[in-house]
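# Structural features, examined
Listed here are the chains, written in short residue letters.
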Amino acid sequence: MGFIEYLSRFGDKVDVNKTELYHQIMSHESQLKAMGLNLKIKKDLDLFEYEIIYNGLQTQNKIENTYEMFLNEHYDLLDYLNYDEKQKMFNSDIQEILDNAPHFIDETSQVDIYIPYLEPFVNQRYTHDYQILQLKQHRDYIKNYKVNHDSPSKMYGLSIYHTNFTSLKNVYEDDRHIDLYYEPLKALYIFKKDTKKLLNKVILVDEKCSHTTIDIQNVQLIAKYLEEYLYRECLDLMYENHMICEKTYHKIQKKYK
């Protein structure tokens, strides 16, 4: 058994359905299912994939609701405005939403992505020319568009985890791996860069230290030590920073002298 696997035996394991994020996502269960999602959140990666979709859904809902308000507030004026004038007015109405919403620039299309399970051209319409989405063929396209749990990462790659769509923090990256950290579960995830597959999960606290606050700089050091096979340094850092108790420390130290 390797160091990471042995260390993980002592980790304080928390079910994903005990997290606040899980309950936030499930509060939109009906709408997410209407998008074609099965909404089965059984493991950590499910939670992170649905978090990205959930955050995009918040922005999509806000833009759509703002357009309904826009029509209701200006119904007596809209007949006297041309297309460009209406577009300019609505774009002004949603600017605050866009200023505060998670987003990133897609390098291929150079489009700002606010709804990461939709293609760049649809994002462009939501944020710059929403009126065109009111045409029947466009409404039908959005209505019938099916989203999969991994649509964002398939469409935009692992770079989606560098954005504020996710609670994961990027703590290490080289040519081989990307290491991401999730504070509520006190867990480090090591992904293979070329295949995007999860190689290892490391829980950074044991049961007796489950309430320890972990400095992100220490997480970065732990990730670096693990990638460089510096297991003794990793173990010492965790013990010195009260992430593992003395009993755990000596058990692992004995096995990895």
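It should be noted that the structure appears before, not after, this text.
Criteria and thresholds
- Residues numbered from 1 in each chain as written.
- Predicted model: local features only at pLDDT ≥ 70, side-chain atom pairs only at ≥ 80, totals over all residues.
- Heavy atoms only, no water.
- Helix = DSSP H or I, 4+ residues; strand = E, 2+ residues; numbered from the N terminus.
- Buried < 20%, exposed > 50% of the residue type's maximum accessible area, 1.4 Å probe, protein only.
- Contact = heavy atoms within 4.5 Å.
- Areas by Shrake-Rupley, 256 points an atom, 1.4 Å probe, with all protein chains shown as cover.
- Lys, Arg positive; Asp, Glu negative; His and termini not counted.
- Charge placed at Lys NZ, Arg CZ, Asp CG, Glu CD.
- Core = buried A, V, L, I, M, F, W, Y, C linked by side-chain atoms within 4.5 Å.
- 1 Å grid on protein atoms, 1.4 Å probe; cavity = no way out; pocket = protein on both sides within 12 Å on 5 of 7 lines; lining within 4 Å.
- Points joined across faces, edges and corners; volume = space filled by probe spheres on them.
- Salt bridge = Lys/Arg side-chain N within 4 Å of Asp/Glu carboxyl O.

To continue, consider the overall build of the chain. Helix and strand content of the chain: 11 helices and 6 strands. With respect to the principal axes defined by its C-alpha atoms, the chain has extents near 80 × 35 × 30 Å. The proportion of buried residues among the 257 residues of the chain is 50%. Residue pairs in contact within the chain that sit at least 24 positions apart in sequence constitute 56% of those at least 6 positions apart. Approximately 14300 Å² of the chain is accessible, and the part contributed by carbon and sulfur atoms is 47%. In the chain, 32 side chains carry a positive charge and 41 a negative one; their mean positions are 10 Å apart.

Right, let's get into the nonpolar core. In terms of nonpolar packing, the biggest core is built from 53 residues, with Ile25, Leu47 and Tyr126 touching the most fellow members. When residues of this core are assigned to their parent elements, the largest contribution, 10 residues, is made by helix H4 (residues 44–74). The contact partners of Leu47, leaving out residues within four places of it in the chain, are Val16, Thr19, Leu21, Tyr22, Ile25, Ile41 and Tyr182. Of all hydrophobic cores here, the second largest spans 28 residues; its members include Tyr6, Val171, Leu188 and Ile203.

Glancing now at the side chain of Gln131. Tracing the backbone through its elements, the reader meets Gln131 in the loop between helix H6 (120–128) and helix H7 (136–144). On the basis of relative accessibility, which here comes to 14%, the residue Gln131 falls in the buried class.

What follows is about empty space enclosed by the protein. Under the definition given, this model contains 1 cavity of 30 Å³ or more. Size it by volume and the largest cavity reaches roughly 30 Å³. Around the largest cavity sit Glu49, Ile52, His149, Asp150, Pro152, Ser153 and Tyr161, which together line it.

Moving on: the pattern of salt bridges. Two side chains carrying opposite charge are able to pair once their charged atoms lie near each other. Considering all chains together, one arrives at 11 salt bridges under this definition. For Arg176, the salt bridge is made with Glu227, and the minimal N-O distance between the two is 3.1 Å. Remark: Glu227 occurs in helix H9 (residues 216–227) and Arg176 occurs in the loop between strand S3 (169–173) and strand S4 (177–182); sequence separation between them is 51 residues. Connected through salt bridges with shared partners, the residues Asp174, Arg176 and Glu227 form a single ionic network.

By themselves, these are just geometric observations and shouldn't be taken as functional.
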